[in-house]
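Coordinate analysis (summary)
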Amino acid sequence: MTEFSRIEKFIQSYADNISKVLGLDVTILDEQGIRVSGTGYYSDLIGLPAPEGSFFRMILQTGQPGMIFDMKKNDSQCMNCKFLQQCRELATIGFPVHKREKTVGVIGIIGFSPEQKEKMLHHSEKWMPFLQHTSSLIEHKLLELDAEREKGCNIQEEMPQAVVKPVYFAQLIGADTGLRDVIAKAKKVAGSISTVLLRGESGTGKELLAKAIHSEGPRSRQPFVAINCAAIPETLLESELFGYEGGAFTGSRREGKPGKFELAHKGTIFLDEVGDIPLSLQPKLLRVLQEKTVERVGGVKTLEIDVRVIAATHKDLESMVKEGTFREDLYYRLNVIPLRLKPLRERREDIPLYLQHFLHRYGTLLQKGRLELDASLVHRLAAYDWPGNIRQLENAVEYMVNMADGSLIDHESLPEYLLAEEATGRADEAGAGLEQLLADYERSVLKKYLASSAYRQDKAAIASELQISLSTLYRKMEKYNLDI
Ligand SMILES: Nc1ncnc2c1ncn2[C@@H]1O[C@H](COP(=O)(O)OP(=O)(O)OP(=O)(O)O)[C@@H](O)[C@H]1O
């Protein structure tokens, strides 16, 4: 844990305020160069390291403020940055944060448009005392925490545990008009108390949208408590949701335990997979939603709760109501503001956007420098059905970035299940013969094994794993021109 991670929320509120006052994006880095907060473009890069050789890393080393208005000029302090070529920043100001003379972080202000650059050129000198003041406030907060710690009070931060890292609507990527419409509706209801029901297959972004509704609403500084109703055994779900009094059942804690509704008081509860709530519990849930009170299991007291409910499911609740496995009254209680997220295969035009987004994210995270996807691969991936939706696509890109040898990612870096899909796709489109397709597939499997660090070029182990003889392996490597 670095100094800054102890005051994450405090720092993010400063980043938000500076950004609002100056009308520019702000990012704040800790002493290891990790972004602990960010606004706009940078909000999606929180938790990721700044590139090696970057301007902000230089400020961490020198402890001196600086500004750059032409990143790509030969003498710019960005020349050693691994991301220089893909950098979209037009102007940057960096100001160090010190604690007892030691540099423990950097406040960065960034302009992406010519107008922002112009503004920064004119006002940067005037902003220095303001940045100095902000830097001193952060230092003061860190010293205050040290003092508390020395006194023996184990103060973490004022933030309750359940307050999550904020998610902003701007972080939701996708150009599809259906998705934009859903996001526009979600924005409209962020400020309301009404129950939202998110529908959509797994991995379509239901939880992300729920967090954005919470973060951009008036409850943003209160808890966001998520519970996955499908992941908890039926016998435990009731006490997880509503809590229990001491001694309510064998093995329960003597002092009792608050349920998720209590923990979400004043904030938002996210009932994920609400379609999996057993019938036996549905009346109690309905009562809590209607009366806004909870009774712990084994308790007699009625507790008033003030929670905003966001529920989500991939199930066909209407059919469940007809079959009698989901109560109709509960269905109506939840279905006040229904929002449906389309599966990726119904908005294929967005696939290249996601590929680009995650390529940038994992390229940065894994410090792979500038990466590009082969155009025919993008075409191929846009044709794939993505049953696991954005989550699956994200994982596939993470895999490919890990496997990438150079800056261009082609189909050799695909995960195996997608390679198989590739071969099938090619058969449909290019009319390649079965023999050729099998050969392509065989070559890619062998290449993958040979590149795998798990086998470290141990041919005998690879042959054994693939259940072929060593000589067959060598023969195939020769046939496919793979390095022996
Ligand atoms: N519009 C989007 N823009 C960027 N990333 C997204 C978007 N939608 C989803 N993601 C990312 O995809 C992944 C899956 O999203 P999320 O967990 O919100 O899906 P879900 O519908 O709640 O899935 P499940 O039903 O399986 O819980 C997450 O990493 C999320 O950040």
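Above this text is the structure in question.
In this report, we go over the structure that sits alongside the text.

Rules behind the numbers
- Residues numbered from 1 in each chain as written.
- Predicted model: local features only at pLDDT ≥ 70, side-chain atom pairs only at ≥ 80, totals over all residues.
- Heavy atoms only, no water.
- Helix = DSSP H or I, 4+ residues; strand = E, 2+ residues; numbered from the N terminus.
- Buried < 20%, exposed > 50% of the residue type's maximum accessible area, 1.4 Å probe, protein only.
- Contact = heavy atoms within 4.5 Å.
- Salt bridge = Lys/Arg side-chain N within 4 Å of Asp/Glu carboxyl O.
- Near = heavy atom within 4 Å.
- Polar contact = N/O pair within 3.5 Å; in protein donor to acceptor, adjacent residues only side chain to side chain.
- Areas by Shrake-Rupley, 256 points an atom, 1.4 Å probe, with all protein chains shown as cover.

Looking at the overall build of the chain
Helix and strand counts for the chain come out as 17 helices and 16 strands. Put simply, the chain has 484 residues, and 48% of those count as buried. Contacts in the chain between residues at least 24 apart in sequence constitute 68% of all its contacts with a sequence separation of at least 6.

Notes on helix α5 (residues 206–215)
In terms of residue burial, α5 counts as a mostly covered element, since 7 of its 10 residues are buried. Regarding α5, the residues found buried are Lys206, Leu209, Ala210, Ala212, Ile213, His214 and Ser215.

Some points on the pattern of salt bridges
Using the criterion set out here, one finds 18 salt bridges in the structure. Note that Arg296 is salt-bridged to Glu262, the shortest N-O span being 2.9 Å. Of the two residues, Arg296 sits in the loop between β11 (293–294) and β12 (303–304) while Glu262 sits in helix α7 (residues 260–263), which places them 34 residues apart along the sequence. Residue Glu394 pairs with Arg361 through a salt bridge whose shortest N-O separation is 3.8 Å. Placement of Glu394 in helix α13 (residues 389–403) and of Arg361 in helix α11 (residues 351–365) is noted, with a sequence separation of 33 residues between them. A single salt-bridge network, built from bridges that share partners, covers Glu245, Glu262 and Arg296.

Looking at the site of the ligand
Every one of the 17 residues lining the ligand counts as a neighbour, but Ser202, Gly203, Lys206, Leu208 and Glu394 are closest to it. One of the backbone N or O atoms of Ile173 is found 3.0 Å from a nitrogen atom in the ligand. Within the side chain of Glu394, a nitrogen or oxygen atom sits 2.8 Å from an oxygen atom of the ligand. When isolated, the ligand has an accessible area of 640 Å², and the protein chains bury 85% of it. Elements supplying a minimum of two residues to the shell around the ligand: α5, α11 and α13.

Everything listed here is a matter of coordinates, which is why it stays silent on function.
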